[in-house]
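Overview (structure and organization)
What follows is each chain in one-letter form.
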Amino acid sequence: MSSVAPVRNEGLLKATVHQNKRLWRSSSSSSIYTGSIMPITLLWAVDVYGRVYSLSTAGQRWERADDMLLELKRVTAGKDRCWGIGCDHHVYLNIMPSETPIRYREETYENQRWNPVDGFTDTLLPTDRWPWSDVTGLNPQPLHSFQLPSRSWEWEGDWYVDQSCGGEPSQTGGWEYAVDFPANFSPDKKWNSCVRRRRWIRYRRYIAQGTWTKIPLDNPRKPPLPLCDMSCGGWEMSDQSGRYPYLWGVSQQGQVWFREGIHPRVPEGSSWEEVEVPKEVAQLSAGPGDLLWALLWDGNLMVRTGLSLDSPTGTSWVEVESPVKDDEALHVAVGVSVVWVVTKDYKLWFRRGVNSHNPCGSGWISIGGEMIMVDVGLNDQVWAVGEDHGLYFRIGVTPSEPSGNGWIPVSAQWGNKKVVVPPRDDCEFSGQLTEASQGSVLSCTESDSDLGPSEPQNGTSDTPVVEAAAPSVVPLGGGDAPTLLLEKDDAPLASQPDLPKPFIPASDSFINSLVSDRDRTSSVQPSITETLQEKVEEKPPAPILPTLETVGHDVPWMNVDLEGAEAARSAQAGGASLAEGSDAATYTLGTLETFQHVGEDDVPAWTWISGGGCDVDAISHISWLSPTGPLTSSLSLTPVQSAAWSEQQQQQQEHREEMSKKPLERSNSVWVRKGMLRWWRDWKPQRWVDVGVALEQSTRCDGRKDSIFFVYYTQYGEKKYLHVFINEVTALVPVPRDCHYAFAVYTAQRTKHRWPLVLAAQTEKDMNDWLHLLSDCCCMCRGIAGPPSRQALWSTTSKGDIMVHEPSFSLEAAANTLSCDLMFWRQVPGHLRCVESNSLGLVWGIGWDGTAWVYSGHDGQQPMPGDAVEMLQQTDVRSVHMYENQRWNPMTGYTDKGLPTDRPMWSDESGLKECTKGNTQPPSPLWSWVSEWAVDCNVPGGTDKEGWQYAADFPTTFHGHKTMKDFVRRRRWTRKCKITLSGPWEQVPPIQLSDISLMPCLAQSRMDQVPVWALSDKGDVLCRLGVSPQNPAGSSWLHVGTDQPFKSISIGGANQVWAIAKDGAVFYRGSVSPQNPAGECWYHIPSPSRQNLRQLSVGRTSVFSVDENGNLWYRQGVTPSYPQGSAWELISNNVTKVSVGPLDQVWIIADGVPGFPAETVGAVCHRLGVGPVQPKGQSWDYGIGGGWEHISVRGNSAEAPRAPHPAPAAPPRSPLLPRPPTQVNGKAVGV
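Along each chain, the written sequence defines residue order, and numbers are assigned to residues from 1. A pLDDT threshold of at least 70 governs which residues receive local features in this predicted model, and a stricter bar of 80 or more applies before side-chain atom pairs are shown or counted, although totals over entire chains, interfaces and linings include all residues. Calculation of side-chain values draws on the structure's entire complement of heavy atoms; hydrogens and water are dropped beforehand.

With that out of the way, let us pick up the confidence of the model for the protein chain. Averaged over every residue, the pLDDT of the protein chain is 77; the share at 70 or more is 73%. Confidence of the prediction at every residue is given by pLDDT, a number between 0 and 100. For the purposes of this entry, the term helix denotes a DSSP run of H or I that reaches at least four residues, the term strand denotes a run of E that reaches at least two, and both are numbered from the N terminus. Element-level mean pLDDT values for the protein chain span from 31 in strand E74 (residues 1227–1229) up to 96 in strand E46 (residues 843–846). Whether two residues are in contact is decided by their heavy atoms, any of which lying within 4.5 Å being enough. pLDDT under 50 marks residues 1–19. Its contacts with residues more than four places away, or in other chains, come to 41 contacts.

Laid out in structure tokens, this is it:
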């Protein structure tokens, strides 16, 4: 293969540039799509012969480079330019034609010094600068030293003096004066002005736009060794428009080079700089931003980190393993935030989580299709060369789905020149040849196969031809038709043996590959007519070209049958008539050496593609990118077919269609949602930080999904990131944070360390969108769909959010119990203070305003995945409190002037946070005020008539009457706020409730009427009648008489009803049955000594209760014959709420987590070791915490097999309390 410089003379170069500009303008004028002007950009490709072609987004045909002798190995395109590596190992550049010329200003300064004899002369002192120098005076720059950097530049004129000084016109001839070098120059000449200077300017213009020009070697610096690969990128590293690209290269010895000095006015750059690499590099790819990946010779990959405007070559390398250990990487391509890799088995891989904050990414995803190379262009669009050496485009690539969803061929038309072969008298061809027939018959020559493309013989390649009237029939006869000449004589040639199979080279040394196995012995080929007659005895020869069944469609790619084409070129026609029943025409073929542009109409076998300068996206309307319709051919086919090879051609067509469907098989995909949020940085200094977030979800071929949530932030100018695997997320909880629309992301690790990831959105809609999106991904990863199941655990937070966990058998297993911090909680729409459920699918809740709600999502049926839940309007009202504090002094009594160590005079209940009427806001922006501030006299401990509570000092226990020792006082102010939202909750009017309980039952239980007991906000005991799975709201309330108000009630197995009065007394309701749902009488149960109980929960056989001091008690001796039990036993402290399930499992809301004193009150805890032999359990397992209000496990009746005497699977997660003494009816006894 020869290698000739593309610029032969200046006149030819100028003519080529002007012609390209005309073509560029003509294509630009016809590029209007859907009412907007689409930029005209080019797709570049290289075939196996090194020929370079471009395809315009406004055109339909491939255009070959004007320089027919130009041979390139690889190309890399960027905006408005394309670089290439020639077969002569030189670097070439093609700048797109533009209306704006590329001009560069050369300048030098003439320096002079004054002397008393001659005045100002160029005779300077030895310590002065050079007479002609740059602006600094350090480098000499005489006028004759300036040379054009290459033949691609020309001078616009001669040197001239800049007549302006500092941008202002000057009358001094351009001279600037100063006292000495160096100093501040000015146009004013003074008495002490001893030196002067003036600037000389000369412009040079780049004249090689639209053509391939060779980049000159560095002089005097040592040029890099011959390059084997290069990649340009970096033009989107900043927000500046017109940012120039960077160019990277790889030498054959594995060195990495960076091209310095590339500038919009210096497109060629100035010199090469070597970048140190720890290992030898085979290939690299640079993205438009700050991504640079390199492929090593050992098949692994390296990533360049630290790329920035200040450090364009980066700082360090990080090695990344190949996607498959057994198959090394073959090729890598990167974009703005994507990385694609081809392995040696031609499989495609997509790198997840790639970002400027995380250039190494997080994992590999296999993508369908088998390609030999891939390239990422503008907008992260993906181009590829398939195993068949055809070009493909990845459809469906969008910012939200960067991996796309399928491959389509690049189906541009082929052949851009119509030619006419002069007629011969001794050999005629009957019929008129169109461009299609010429491109089909005269497609290859021996010189094309063995020696590469040949030089055109004449300049008549643009001569028009007369096309046939009927595209499917070529008329015979007529002596004026153009004829094709034989190479030696007109006699028919002897028959040729079977032809070998087509061979397509794939390596850089493609010429050697083509000629190595080729038989150069002269052979003869029978005519088409003879072949038709002998097709019964002989195997039909290889076809010249395929025939299209549907007229008007083009096949996007095909294998080039070089052997068949070569054999067909020697075929001759034996007569002037067609055989009967045959539709094949008779040709008389002549020599092909006189044919111009030999090989121009061959379908090329592509080896390289570059879309870095092709501006397309998923919604672009490009004529040669069509995802629908039949596959088309880029060849123009002759309408005349030969029956001798029609069957074999059909088989090849079927094979091509099968191969074309291969890249369209279902493959993995990646979907991304990006946005901007605020992140609460929970290390000092703690503050809100603006961050970028991205949710990346990959879908495997089997339908499994995997998602990662990224948080990108910048600290001290360094880009960093956090990531959370969605399958590790345990809860997504809205949290009140400084009036932000905030939510917390919990994982098992973050739950253990009490360190959730807190993010905030700008609007309520954005927060809800992210919560729903993340929640859906979490449920999808775990296979959870539809409404909660009947066995679900229900819980509420102090904010009123409703959380649900879908239990498994391992949750209550005696051994290998599921850890609490691994439980996944999802949110159910609505707002409640507490919620209760049972295993029949009944769920009741109470709002903060006392309104009763029943869950409407089950409708008496077991929920199925995908079931829709009816959303109803739900409202809730709650009160916001703050405290007014005062201290007494002898002069003025109680005033708001406290001691320096006192709490703020307006504060929250703890006194740690200052709260005033002006700065106190509703719990979240979802709430709105519905009343004004007022004094609240309904406070525990009582108040006086003005609402004051008194105490000796802050903080101590307050009481409602003043004594002589009370020096401080406080009173509570309240204000109501309201929230309105939609949820699957139906209101149960008209009584407001304070507590509710549903009877737990086993999974196999069937009940027509479900007992439901409740307490009104006044403490009345109520029994709901008519409650069933078909009618979860019931029909009416039945009042149960009591002699005092109650504050807690619970019904357990076998209709056991327990309740706690407001004074702490415990009662048991006797004779409750389905026939007598209200029972008959109350039995008083003694409370623990000196303890007032406030809440209890009854299971199948167990009764647990919580006192006012946060202690958890267990009732001993509860049996069917003696349901009141015998004594209370202390189990633990640090308890706020308790829930006992139908399996006697025990769950609590802990007041705090040991070791985390700053944790917000309210953590979910599970009692481990609970069983028939050990109903009190052994230890606590702390789960998610921070603001949880209530939990109900009374619906979880999924009972796992239990061992008779299980041993603890692991050491307890919290220390066991010493066993306290047992109390019988208030008296301590020994057990």
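Two rings belonging to Phe, Tyr or Trp (six-membered ring only in the last case) form a pair when the distance between their centres is within 6.5 Å. Interplanar angles under 30 degrees mark stacking, angles over 60 mark edge-to-face geometry, and anything in between is tilted. In the structure shown here, the tally under the stated rule is 38 aromatic pairs. Judged by centre distance (5.2 Å) and plane angle (65°), the rings of Tyr 855 and Trp 985 are edge-to-face. Here the residue Tyr 855 occupies a position in strand E47 (residues 852–855), and Trp 985 occupies one in strand E55 (residues 985–988), the gap between them amounting to 130 residues. Each residue in the set Tyr 53, Trp 62 and Trp 606 is aromatic and connected to the rest through ring pairs, giving one cluster. In our convention, an over-ring charge means Lys NZ or Arg CZ found within 6 Å of a ring centre and within 35 degrees of that ring's normal. Above the face of the Trp 155 ring, Arg 202 is positioned so that its terminal group lies 4.0 Å from the ring centre. Note that Arg 782 overlies the ring of Phe 824, its terminal NZ or CZ placed 4.4 Å from the centroid.

Another point: the sheet that holds strand E20 (residues 246–251). The strands making up a sheet associate through backbone hydrogen bonding, with each pair oriented either parallel or antiparallel. What the four strands build is an open sheet, ordered E19-E20-E21-E22; its pairing is antiparallel. Both edges of this open sheet fall to strand E19 (227–233) and strand E22 (271–275), since each of them pairs with a single strand only. In this sheet, neighbouring strand axes are inclined to one another by 30° on average, regardless of whether the strands run parallel or antiparallel. By the bridge criterion, four bridges tie E20 to strand E21 (residues 256–260) in an arrangement that is antiparallel. Two strands qualify as a pair provided that DSSP identifies no fewer than 2 bridges between them. The convention used is that axes are lines fitted to C-alpha atoms, helices contributing only their stretch in contact, and that angles between N-to-C directions extend from 0 to 180 degrees.

Before going further, it helps to spend a moment on the pairing of strand E68 (residues 1135–1140). Counting buried residues in E68 gives five out of six residues, a clear majority hidden from the surface. Hairpin connection, E68 to strand E69 (residues 1146–1150): the antiparallel pair is bridged by five residues, and Asp 1144 has positive phi, about 65°. The buried label goes to any residue with under 20% of its type's maximum accessible area, the exposed label to any with over 50%, and the partly exposed label to all in between, with areas taken from a 1.4 Å probe on protein chains only.

Bringing the UniProt feature "domain: Peroxin/Ferlin" (unreviewed entry) in the protein chain into the picture now. UniProt positions are given in the numbering used here, feature names are shortened, and annotations may be inferred rather than shown by experiment. Sites flagged by UniProt as "domain: Peroxin/Ferlin" (unreviewed entry) map to residues 101–162, 174–207, 875–936 and 947–980. Between the C-alpha atoms that bound residues 174–207 the distance is 30 Å, and the span itself is 0% helix and 44% strand. Between the end C-alpha atoms of residues 947–980 there is a gap of 31 Å, over a span that is 0% helix and 50% strand.

This part covers the sheet that holds strand E60 (residues 1046–1051). The four strands lie next to each other as E60-E61-E62-E63, forming an open sheet whose pairing is antiparallel. Every interior strand has two partners, whereas the edge strands, E60 and strand E63 (1081–1085), have only one. Adjacent strand axes in the sheet meet at a mean angle of 25°, parallel and antiparallel pairs treated alike.

Opposite charge on two side chains permits pairing when their charged atoms draw close. Throughout this description, the term salt bridge denotes a Lys or Arg side-chain nitrogen within 4 Å of a carboxyl oxygen of Asp or Glu. The tally for this structure, following the rule as stated, stands at 33 salt bridges. Its salt-bridge partner being Arg 197, residue Glu 176 comes within 3.2 Å of it at the nearest N-O pair. Pair noted here: Glu 176 is in strand E16 (residues 176–178) and Arg 197 is in strand E17 (residues 195–206), with a separation of 21 residues, a long-range link. Assigned by exposure class, Glu 176 and Arg 197 land together as buried. Across the salt bridge formed by Lys 279 and Asp 298, the nearest N and O atoms sit 3.7 Å from each other. A residue pair is termed long-range when its members are at least 10 positions apart, and Lys 279 in the loop between E22 and strand E23 (281–286) and Asp 298 in the loop between strand E24 (292–296) and strand E25 (301–305) qualify at 19 residues.

Moving on to unusual backbone geometry. Put simply, Phe 181 and Pro 182 share a cis peptide bond, and its omega is -20°. Structurally, Pro 182 is set in the loop between E16 and E17. A cis amide bond links Phe 954 with the next residue in sequence, Pro 955, at an omega value of -20°. Position of Pro 955 relative to the elements: it lies in the loop between strand E53 (948–951) and strand E54 (968–983). A positive phi angle, near 65°, is found at His 389, a position not held by glycine. With respect to the helices and strands, the residue His 389 is situated in the loop between strand E31 (382–386) and strand E32 (391–395).

Turning next to the environment of Val 1027. Tracing the backbone through its elements, the reader meets Val 1027 in the loop between strand E58 (1021–1025) and strand E59 (1036–1040). Look at Val 1027 and you get buried, because its relative accessible area is 0%. Sequence-wise, Val 1027 and Leu 998 are 29 residues apart; in three dimensions their C-alpha atoms are separated by 9.9 Å. When near neighbours in sequence (up to four residues on either side) are disregarded, Val 1027 contacts Leu 842, Trp 844, Asp 1008, Gln 1009, Val 1010, Val 1012, Pro 1032, Ala 1033 and Gly 1034.

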